[in-house]
Amino acid sequence: MRLVLASQSPARLNMLRDAGIEPVVRVSGVDEEAIERSLPDARPDAVVVALAEAKARAVLADIVAEYPDAVVVGCDSMLHFDGALMGKPATVDIARERWGRMAGNAGHLLTGHAVLRVDGGEVTSVATGTESTVVRFGKPTDRELEAYLASGEPLRVAGAFTLDGRGGWFVDGIDGDHSGVIGISLPLMRRLLSDVNLSVVDFWSAPTS
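Residues numbered from 1 in each chain as written. Predicted model: local features only at pLDDT ≥ 70, side-chain atom pairs only at ≥ 80, totals over all residues. Heavy atoms only, no water.

Trainee: How should I be thinking about the overall build of the protein chain in this particular structure?
Mentor: Looking only at helices and strands, the protein chain features eight helices and seven strands. Principal-axis analysis of the C-alpha atoms gives the protein chain an extent of 55 × 50 × 25 Å. Residue burial in the protein chain is summarised as follows: out of 209 residues, 45% are buried. Counted over contacts in the protein chain with a minimum sequence separation of 6, partners at least 24 positions apart contribute 71%. When the accessible surface of the protein chain is totalled, it reaches about 10,200 Å², and 49% of it is carbon and sulfur. Side-chain charges in the protein chain split into 20 positive and 29 negative, and the spacing between the mean points of these groups amounts to 3 Å. (Helix = DSSP H or I, 4+ residues; strand = E, 2+ residues; numbered from the N terminus. Buried < 20%, exposed > 50% of the residue type's maximum accessible area, 1.4 Å probe, protein only. Contact = heavy atoms within 4.5 Å. Areas by Shrake-Rupley, 256 points an atom, 1.4 Å probe, with all protein chains shown as cover. Lys, Arg positive; Asp, Glu negative; His and termini not counted. Charge placed at Lys NZ, Arg CZ, Asp CG, Glu CD.)

Structural data, given as structure tokens:
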């Protein structure tokens, strides 16, 4: 049985590799904004779970033909700040405006996961959940913020920041799961795999000599 990561995120891939799993990677290509618009009254945690499950289901057709026994993992992360959900900023101006409000304050990074177990080409069980981590933002100087925006990194990530990249310089601390902030929560993944009667050790790569 193979673990399939329905994400193009290098951070998620590297997190799994560092944790002993070499996943099959398939990019879902779902219209995230359309899904968000279809859930205008949903709770923030329900939105990230819906996006994660949509991504996992989007790659199913391709996966079952190649891997009839597999676990497909969908992930989504958004920053819940000042009463609103923040995904990837569309422009530098939006990222700059967000950082103007985030600096010196705190938000909740929500990470949603969906785990679909596939046996014999059919989905036999599904487990979903979210992890919430408080992120306390620092106060970058104008020069630092403009340099960070110019790097392009904030435009590629939820909340316009990373913990494991250049954005880490401007995070004063977190309260909760650091892996969830990076993009794939290892504690949540372990619990969801257990919910579909599997263990994370089932997917560990063989140790190298």
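Additional details are given in the paragraphs that follow.
Trainee: How should I be thinking about helix α5 (residues 92–102) in this particular structure?
Mentor: Because each turn of an α-helix spans 3.6 residues, side chains separated by three or four positions end up pointing in the same direction. Within the span of α5, buried status applies to Ala95, Arg98, Trp99 and Met102. Buried residues of α5, seen end-on, are gathered within an arc of 100° and therefore sit on one face of the element. Exposed and facing more than 90 degrees away from the buried side of α5 are Asp93 and Gly100. Against β3 (70–81), β4 (84–86), β6 (122–137) and α6 (142–151) lie the buried residues of α5. Looking one or two residues past α5, Gly104 carries a phi angle of roughly 80°, positive in sign. (Arc of directions from axis to C-beta.)

Trainee: Explain the packing of α5 against α6 here, please?
Mentor: Packed helices, taken two at a time, are described by the angle their axes make and the gap between the axes. Contact geometry of α5 with α6 gives a least axis separation of 10 Å together with a crossing angle of 145°. Like other packed secondary-structure pairs, α5 and α6 cross with a definite hand, here right-handed. Only Leu145, Glu146, Tyr148 and Leu149 of α6 make contact with α5, whose side of the interface consists of Val92, Ala95, Arg96 and Trp99. A per-class count over the contact of α5 with α6 returns six nonpolar, no polar and two charged. (Axes fitted to C-alpha atoms, helices over the stretch in contact; angles between N-to-C directions. Left-handed = near helix turned anticlockwise from the far one by under 90°. Nonpolar A, V, L, I, M, F, W, Y, C, P; charged D, E, K, R; others polar.)

Trainee: Just to check I follow, could you spell out the pairing of strand β1 (residues 2–5) for this structure?
Mentor: Within a regular beta strand, the side chains point alternately toward one face of the sheet and then the other, so they alternate between its two faces. Bridging between β1 and β3 involves four bridges; their strand directions are parallel. Within β3, the position partnered with Arg2 by the bridge is Ala70. Of the pairings in the sheet, the one linking β1 to strand β2 (residues 24–25) comprises two bridges and is parallel in character. Bridged to Leu5 within β2 is Val25. Once the chain exits β1 it traverses helix α1 (residues 10–18) before rejoining the sheet at β2, and the crossover so formed is right-handed. (Pairing = 2+ DSSP bridges. Right-handed = clockwise from strand over helix to strand, strands pointing away.)

Trainee: I'm lost on the packing of aromatic side chains in this one. Help?
Mentor: A full pass over the atoms with the stated rule returns five aromatic pairs. Here a set of aromatic residues connected by ring pairs shows up, and it is made of Trp99, Phe137, Tyr148, Phe161 and Phe170. (Phe/Tyr/Trp six-rings, centres within 6.5 Å; stacked < 30°, edge-to-face > 60°.)

Trainee: Explain the environment of Glu131 here, please?
Mentor: Inspection of the secondary structure puts Glu131 in strand β6. Owing to a relative accessible area of 17%, Glu131 belongs among the buried residues under this scheme. Between the C-alpha atoms of Glu131 and Ile63, which are 68 residues apart in sequence, the distance is 26 Å. Other than its neighbours up to four places away in sequence, Glu131 contacts Leu109, Leu110, Thr111, Asp177, Ser185, Leu188 and Arg191. Side-chain polar atoms of Glu131 contact the side chain of Arg191, separated by 2.9 Å. (Polar contact = N/O pair within 3.5 Å; in protein donor to acceptor, adjacent residues only side chain to side chain.)

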